[in-house]
Amino acid sequence: MPESLVAACDELAAAFAEAWSDPAFRAELTDLLVRHVGRPTPVSPTPRLSAELGLTLLLKREDLTHTGSHKINNVFGQALLARRMGKRRLLAETGAGMHGVATATAGAQLGMPVTVFMGERDMERQAHNVFRMRLLGAEVVPVRSGTRTLKDATSEAMRHWVGAVADTHYCLGSVLGPHPYPWLVRELQRVIGTEARGQLDTVPDVVVACVGGGSNAAGTFAGFVDTPARLVGVEAEGGAGVSGGEPGVLHGARSLFLQDRHGQIREAHSVAAGLDYPGVGPEHAHLRDLGRAEYTTAGDDEAIAAAARLAHAEGIIPAIESSHALAWVIRAAGTPALPAGSTVLLTLSGRGDKDITTLMERLS
């Protein structure tokens, strides 16, 4: 990390440890998540699709949160923490736009100005969310360098933070970056796995989630890591940090990243803007190395097909990010990778409203 940010990260780690052990902070966060986010989100059965696949598929419905994705769980926690630390402004990066929308929402709720950095390419394919952020009062800054996607938006947000660290909190959206962010974001997203485990009568055979940076998967896995359930993370074929990456350092974290032979970060690709990142959070790399979680990939076309299949079968239009996890379930169902009769819990990390234009183009 830039030297000027080391002290800020140390301050943040100490502040979060203190806040997370404070019952008053936890109670205020829980109250916000209930009153403004709509927690707890349900676990929904999928009777028609389950019958087609020969298994029991259950969906943890993060798409039903206010703003439409799991991102709001993390953002409300970080925004409350920022206010507790005396910060007056929120800074964020975004890929698919959902983290930016969540940050803009929290800023409006708590009276804090918000600046969001977003790759120019992502702004084009997620124009709906760009408008939502601006409607909520956030400044959206286009990033025109590099791949013009999430990696470069994160880099620009960190550069901006260097000059604004005195009064600004960087609300990082995934389990990425320097300590304490991977831990902090995982703990704030743990509500997904903790809720789901309490909502189920028995532990599922398989728990599956899509993985970009990996926050919805980390939060889901946290609720089941001490059970016999298999943990499966599904990456985009073109952004598979775990499946195709090597150890390296990016944005203040040592983890698995797509790199060339000189150690330079390679460009990622996914039809899902939220999975268009050339690496993965370090906890996922650790879970892979331990053998506790397994990681696989799904391609653009099968993710789009999975979204359409869930819409037809159950009346639910998922985010294309979440559809990667569903695509693996559809592909693996009835094979040794996912035997018939299995019970599968899948975190539906977001709804597909933001992806309607892409779905229209790809399905036409």
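Everything numeric in this text was worked out from a predicted model, so none of it was measured.

What counts and what doesn't
Residues numbered from 1 in each chain as written. Predicted model: local features only at pLDDT ≥ 70, side-chain atom pairs only at ≥ 80, totals over all residues. Heavy atoms only, no water. Pairing = 2+ DSSP bridges. Helix = DSSP H or I, 4+ residues; strand = E, 2+ residues; numbered from the N terminus. Axes fitted to C-alpha atoms, helices over the stretch in contact; angles between N-to-C directions. Core = buried A, V, L, I, M, F, W, Y, C linked by side-chain atoms within 4.5 Å. Buried < 20%, exposed > 50% of the residue type's maximum accessible area, 1.4 Å probe, protein only. Contact = heavy atoms within 4.5 Å. 1 Å grid on protein atoms, 1.4 Å probe; cavity = no way out; pocket = protein on both sides within 12 Å on 5 of 7 lines; lining within 4 Å. Points joined across faces, edges and corners; volume = space filled by probe spheres on them. Nonpolar A, V, L, I, M, F, W, Y, C, P; charged D, E, K, R; others polar.

1. Points about the sheet that holds strand β6 (residues 168-170)
Then, in step 1: If you walk across this open sheet you meet the four strands as β5-β4-β3-β6, and the pairing is parallel. The open sheet terminates on both sides in strands that have one partner only, identified here as β5 (139-143) and β6. In this sheet, neighbouring strand axes are inclined to one another by 20° on average, regardless of whether the strands run parallel or antiparallel.

2. Some words on the nonpolar core
Soluble, globular proteins show a tendency: their nonpolar side chains are buried together.
Then, in step 1: Leu29, Phe76, Leu81, Met133, Trp161, Tyr170 and Leu184 are the most contacted members of the largest nonpolar core, which totals 58 residues.
Then, in step 2: The dominant element in this core, judged by the number of residues it contributes, is helix α1 (residues 3-20), at eight residues.
Then, in step 3: Not counting the four nearest positions on each side in its chain, Leu29 is found in contact with Trp20, Phe76, Gly77, Leu80 and Leu188.
Then, in step 4: Counting 35 residues, the second-largest nonpolar core is a separate cluster that includes Val208, Val234, Ala236 and Val344.

3. Topic: empty space enclosed by the protein
Then, in step 1: With the rule as written, the count across this model stands at four cavities of 30 Å³ or more.
Then, in step 2: Considered as a void within the structure, the largest cavity measures approximately 340 Å³ in volume.
Then, in step 3: Lining the largest cavity are 30 residues, with His70, Lys71, Gly274, Leu275 and Glu321 positioned closest to its centre.
Then, in step 4: Mapped onto the lining of the largest cavity, the elements with two or more residues apiece are β3 (89-94), α5 (98-110), α8 (150-164) and α10 (215-222).
Then, in step 5: Of the residues in the lining of the largest cavity, the class split is nine nonpolar, 17 polar and four charged.

4. Some details on the sheet that holds strand β8 (residues 230-236)
Then, in step 1: Pairing is mixed in the open sheet, where six strands are placed in the order β1-β2-β12-β7-β8-β11. Sheet topology places β1 (43-45) and β11 (293-298) at the edges, where each strand pairs with a single neighbour. The mean angle between the axes of side-by-side strands here comes to 25°, regardless of whether they run parallel or antiparallel.
Then, in step 2: Where strand β7 (residues 206-210) meets strand β12 (residues 343-348), three bridges bridge the pair, whose relative direction is parallel. In the strand pairing of β12, Val207 is matched with Leu345.
Then, in step 3: Across the sheet, α10 is in contact with β7, β8, β11 and β12; its angle to β7 comes to roughly 160°.

5. Focus: the layout of surface pockets
Then, in step 1: When its volume is computed, the largest pocket comes out at roughly 240 Å³.
Then, in step 2: Taken together, 14 residues line the largest pocket, and the ones lying closest to its centre are Trp20, Leu29, Thr30, Leu33 and Val191.
Then, in step 3: Every element with two or more residues in the lining of the largest pocket is listed here: α2 (23-37) and α9 (181-199).
Then, in step 4: The leading source of residues in the lining of the largest pocket is α9, at six residues.
Then, in step 5: Its residues assigned to classes, the lining of the largest pocket shows seven nonpolar, two polar and five charged.
Then, in step 6: Space inside the second largest pocket adds up to approximately 160 Å³.
Then, in step 7: Residue lining of the second largest pocket: Glu124, Arg125, Gln126, Ala127, His128, Asp353, Lys354, Ile356, Thr357, Thr358 and Glu361, and that is the complete set.
Then, in step 8: Secondary-structure elements contributing two or more residues to the lining of the second largest pocket are α6 (120-125), α7 (127-135) and α15 (356-363).
Then, in step 9: The biggest single contributor to the lining of the second largest pocket is α15, with four residues.
Then, in step 10: Here the residues of the lining of the second largest pocket are counted per class, giving two nonpolar, four polar and five charged.

6. Quick notes on unusual backbone geometry
Then, in step 1: Of the consecutive residues Arg39 and Pro40, the connecting peptide bond is found in the cis state with omega at 0°.
Then, in step 2: Along the chain, Pro40 turns up in the loop between α2 and β1.
Then, in step 3: In this structure, Pro180 follows His179 across a cis peptide bond, with omega equal to 15°.
Then, in step 4: Relative to the elements of secondary structure, Pro180 occurs in the loop between β6 and α9.
Then, in step 5: Backbone geometry places Thr67, a non-glycine residue, at a positive phi of 85°.
Then, in step 6: One can find Thr67 in the loop between β2 (56-61) and α4 (71-84).
Then, in step 7: For Arg148, which is not glycine, the phi dihedral falls at a positive 60°.
Then, in step 8: Residue position: Arg148 is located in the loop between β5 and α8.
Then, in step 9: On the basis of relative accessibility, which here comes to 27%, the residue Arg148 falls in the partly exposed class.

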